[in-house]
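# A closer look at the structure
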Amino acid sequence: MLILASQSPRRQALLKAMDLDFQVMVKSVDETFPKDIPVEKTAEYLAEKKADAFHFSELPKNAILITCDTTVIVDNQILGKAETPDEAVIMLKKLSGRKHAVITGVCIKTATEKKLFSETTFVHFKHLTDEQIQYYVGTYKPFDKAGAYGIQEWIGMIGISRIEGCYYNVMGLPTARLAEMLNV
């Protein structure tokens, strides 16, 4: 039995699209991380922290737990989830006309083993006008997304010139790598 420990509607939709049967179980986890950890290792660290919050006595028998965290990195800085429209605008202006990394860390945990991996995708944004940024933030309210954008939304369609790597990773779940790790 697969357990997805994520409230992300995108991760849930991707697992469904992979024809995987799963249940959602979520625990509140403090998502702080040590300041001395390399930014490219943060997503794995947080995915493992989320997995370690679960004790197998509270999960169904033979459960396979999947936890994830996605980070957006530009200038060696992590862009988290914007809490206000102004923060979203600042983040999108920082990404405009530039390449950034999207890293999703995944932890697959069973009663007997733990597999931890991450996938990196490089995303290239064309230059975004202030009007485009304001329209996107006002219309799509991207406050639940790392880096304040969803690749599958309007901003991705008009603003992303190319990607290097897994498209679905930018949505929050490296599906091909996950299928490989699950032996699907």
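Located above this text is the structure these notes cover.
Fair warning: this is a prediction, and the values are worked out from it, not measured in the lab.

## Some points on the nonpolar core
In this structure, Leu15, Ile66, Tyr149 and Leu178 are the most contacted members of the largest nonpolar core, which totals 41 residues. Each residue touching tyrosine 149, except ones within four places of it in the same chain, is listed here: Leu92, Leu95, His100, Val102, Val123, Phe125, Tyr136, Pro142, Ile155, Ile160 and Val170. By size, the runner-up hydrophobic cluster in this structure holds nine residues, among which are Ala47, Ala51, Phe54 and Leu59.

## Quick notes on the packing of aromatic side chains
Enumeration over the complete set of coordinates arrives at four aromatic pairs. Between tyrosine 135 and tryptophan 154, the aromatic rings sit 4.7 Å apart at their centres with planes inclined by 70°, giving edge-to-face as the arrangement. Of the two residues, tyrosine 135 is situated in helix α4 (residues 130-140) and tryptophan 154 in helix α5 (residues 154-159); the sequence distance between them amounts to 19 residues. For tyrosine 135, a relative accessible area of 42% puts it in the partly exposed group. A relative accessible area of 24% places tryptophan 154 in the partly exposed class. On the numbers, 5.3 Å between centres and 25° between planes, the contact of tyrosine 136 with tyrosine 140 is stacked.

## Focus: the side chain of threonine 42
Relative to the helices and strands, threonine 42 resides in helix α2 (residues 42-52). Every residue in contact with threonine 42, bar those within four places of it in the chain, is listed here: Phe33, Ile37, Thr71 and Ile78.

## Comments concerning α2
Listed as buried for α2 are Thr42, Ala43, Glu44, Leu46, Ala47, Lys50 and Ala51. For α2, the secondary structure elements touched by its buried residues are β3 (64-74), β4 (77-79), β5 (99-109) and β6 (114-125).

## A word on the side chain of threonine 104
The topology assignment puts threonine 104 in strand β5. Within the local environment of threonine 104, its side chain forms a polar contact with the side chain of asparagine 169, the two groups lying 3.0 Å apart. Among all residues touching threonine 104, those that are not within four sequence positions of it are Ala43, Cys68, Asp69, Thr70, Phe117, Ser118, Glu119, Asn169, Gly172, Leu173 and Pro174.

## Thoughts on unusual backbone geometry
Look at aspartate 19: it is not a glycine, yet its phi comes out positive at around 60°. Of note in the backbone geometry, alanine 148 takes a positive phi value of approximately 65° without being a glycine. Looking at where alanine 148 falls in the secondary structure, it is placed in the loop between α4 and α5. Judged by its relative accessible area of 0%, alanine 148 is buried.

Rules used in this analysis
- Residues numbered from 1 in each chain as written.
- Predicted model: local features only at pLDDT ≥ 70, side-chain atom pairs only at ≥ 80, totals over all residues.
- Heavy atoms only, no water.
- Core = buried A, V, L, I, M, F, W, Y, C linked by side-chain atoms within 4.5 Å.
- Buried < 20%, exposed > 50% of the residue type's maximum accessible area, 1.4 Å probe, protein only.
- Contact = heavy atoms within 4.5 Å.
- Phe/Tyr/Trp six-rings, centres within 6.5 Å; stacked < 30°, edge-to-face > 60°.
- Helix = DSSP H or I, 4+ residues; strand = E, 2+ residues; numbered from the N terminus.
- Polar contact = N/O pair within 3.5 Å; in protein donor to acceptor, adjacent residues only side chain to side chain.

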